[in-house]
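Each chain, written out:
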Amino acid sequence: MKRVFNDLSNSLIKKEIKKIEVIKDFNIVEIQRGSLSSILGEYEKIEKQLNLLPSYLHIPNVSKPIIHKGKIIIDNRICILKQTLRAIFLTRKEFGLYIDKLNNSDYFERNLAFAHAILPTIQVFVTTCIGASNQYINNFEFDVTIIDEAGQIPIHHIMVPLNKSKKVILIGDHMQLPPLIDLEVQKVFLNNDETEWLDKTKKSLFEISFNHEAIDKKIILSEQYRMPNNISNWIGKSFYSNQYFTPESNNNRHLLFEGIFSKPLCLVDTSNSKDKLEEKSIGSCFNELEARIVVKILETIISKCNRDILTIAVITPYKSQTDKIREYVRQKNIKLGENCINTVDGFQGKEADVVIYSFTRSNRKSSEKKRIGFLRETRRLNVALTRSKSQLIIIGDFAFLSNCENDDGFTQTENQLKVSTEKHFGILINSLFCHCKSGNGQIIDSEILMEGMGLNA
């Protein structure tokens, strides 16, 4: 394991170095200055970068182009690097002043004495996991530690607050977004045949505990009051082994847009459109047709409702798609609240009366090949489809999405949760389509929608 973490450290550092090595002409690299307390981490990272810089970048007073590995390194690039290094050393100086200030016994002891006098009188502390290691509360022992959103907290983060009390309550949902693991970290584990450790880092302590603790130490909140049962019934069947219900008292909801949408769950299918295909952007993708459909729906529902009491959210897995939708919304002068157009990850934990979800992906790759990327993560799908309080509108090429056959990397955890593959994702989408087709939802052809016809079909 020591070799693994050494490789991991070097890999992450080299990744940062590349940002300096690929400096283009006349681009100035700036050191991001945050609060003084963040300079320590910045300084340590910079120290490692300086030690790893290639020797040809350390040449002082360059007066002519340098040839390295057959490529010409022009003067401008060296000048820019010198400006960057100057900013680094200025940051180092600022950091030194901050350390000197902390070392001043009067300053430090006054704050510590004040904290020790005041903090014991406080009954409830609210902090992040890492914030629980703050020097002022580091030696505190609490009666109970409650950790929210525990299903997506990495193990090395959640360990910090765990030693603060003898009783810990974890609240979360391991069937929604898992902890984020850096791709460089994953590569290092795989390169060193440490797949067992990689699997462990992909799980939260909440998931591990939930699957191993006795039944009397865990509680499942099976009743939900957010969404209509047309949506929750499918969610319960697909993700929660039918242990997810909508109380009868919550089933008698009026349709928000009667005459436009006949069901609280609506699929807008682009399968028959010639313009349905996605387009690539740097590290992402977008879909012009789906963005135009979103705007069409927004124009229609906003004209029919009271925007003062109705909340609307547009979500998609891809940032490039959110950018494209925002562009069209601005062109049409549609007024939405701040952050109402967001990625799925950015919208987790939030809700809205109306949610419009754009799948974005549609291409010509064969069904046996990998063709939908991280969209295959079904826990992200669970998040996307559980944000709506009244109306959920899902836009996508359902013939394409439900016909994904690639099964690479298929495994099962101890609680039989399928680790997402494209095939498993395709099975779920086909199930959703059949759920709507059987009368639990509405399916609208995008061609008809865009022509402004058949909205109440």
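These figures come from a predicted structure and were not determined experimentally.

Caption draft 1: Representation of the overall build of the protein within the structure. Along the backbone of the protein there are 16 helices and 12 strands. Long-range contacts, defined as pairs at least 24 residues apart, comprise 73% of the intrachain contacts of the protein with a sequence gap of at least 6.

Caption draft 2: Local environment of unusual backbone geometry. Phi angles above zero are rare outside glycine, and Asn-333 is one such case at about 55°. With respect to the helices and strands, Asn-333 occurs in the loop between helix H11 (319-331) and strand E9 (341-343). One non-glycine residue, Thr-360, adopts positive backbone phi at about 80°. Looking at where Thr-360 falls in the secondary structure, it is placed in the loop between strand E10 (352-358) and helix H13 (378-384).

Caption draft 3: Inspection of the pairing of strand E8 (residues 312-316) at higher detail. Most of E8 is tucked away, with 5 of its 5 residues classed as buried. The side-chain alternation of E8 yields two buried faces, one formed by Ile-312, Val-314 and Thr-316 and the other by Ala-313 and Ile-315. Bridge count between E8 and E10: 4 bridges; the pairing is parallel. Considered in E10, the bridge of Ile-315 is made with Tyr-357. For the segment spanning E8, H11 and E9, crossover handedness is right-handed.

Caption draft 4: Quick look at the packing of aromatic side chains. Summed over all chains, the structure comprises 12 aromatic pairs. Taken together, a centroid distance of 6.0 Å and an interplanar angle of 40° make the contact between Phe-140 and Phe-142 tilted. The two residues Phe-140 and Phe-142 agree in class, both being buried. A centroid spacing of 6.0 Å and a plane angle of 85° characterise the contact between Trp-234 and Phe-239, whose relative ring orientation is edge-to-face. In this structure, Trp-234 and Phe-239 share a single accessibility class: buried.

Caption draft 5: Local environment of the packing of helix H9 (residues 229-239) against helix H15 (residues 422-440). Interhelical geometry of H9 versus H15 gives an angle of 145° and a closest axis separation of 11 Å. Once H9 is placed against H15, the crossing between them reads as right-handed. For the pair H9 and H15, the contacting residues are Asn-230, Trp-234, Ser-238 and Phe-239 in the first and Leu-428, Ser-431, Leu-432, His-435 and Asn-440 in the second. Taken together, the residues of the contact of H9 with H15 sort by class into 4 nonpolar, 5 polar and no charged.

About the criteria used
Residues numbered from 1 in each chain as written. Predicted model: local features only at pLDDT ≥ 70, side-chain atom pairs only at ≥ 80, totals over all residues. Heavy atoms only, no water. Helix = DSSP H or I, 4+ residues; strand = E, 2+ residues; numbered from the N terminus. Contact = heavy atoms within 4.5 Å. Buried < 20%, exposed > 50% of the residue type's maximum accessible area, 1.4 Å probe, protein only. Pairing = 2+ DSSP bridges. Right-handed = clockwise from strand over helix to strand, strands pointing away. Phe/Tyr/Trp six-rings, centres within 6.5 Å; stacked < 30°, edge-to-face > 60°. Axes fitted to C-alpha atoms, helices over the stretch in contact; angles between N-to-C directions. Left-handed = near helix turned anticlockwise from the far one by under 90°. Nonpolar A, V, L, I, M, F, W, Y, C, P; charged D, E, K, R; others polar.

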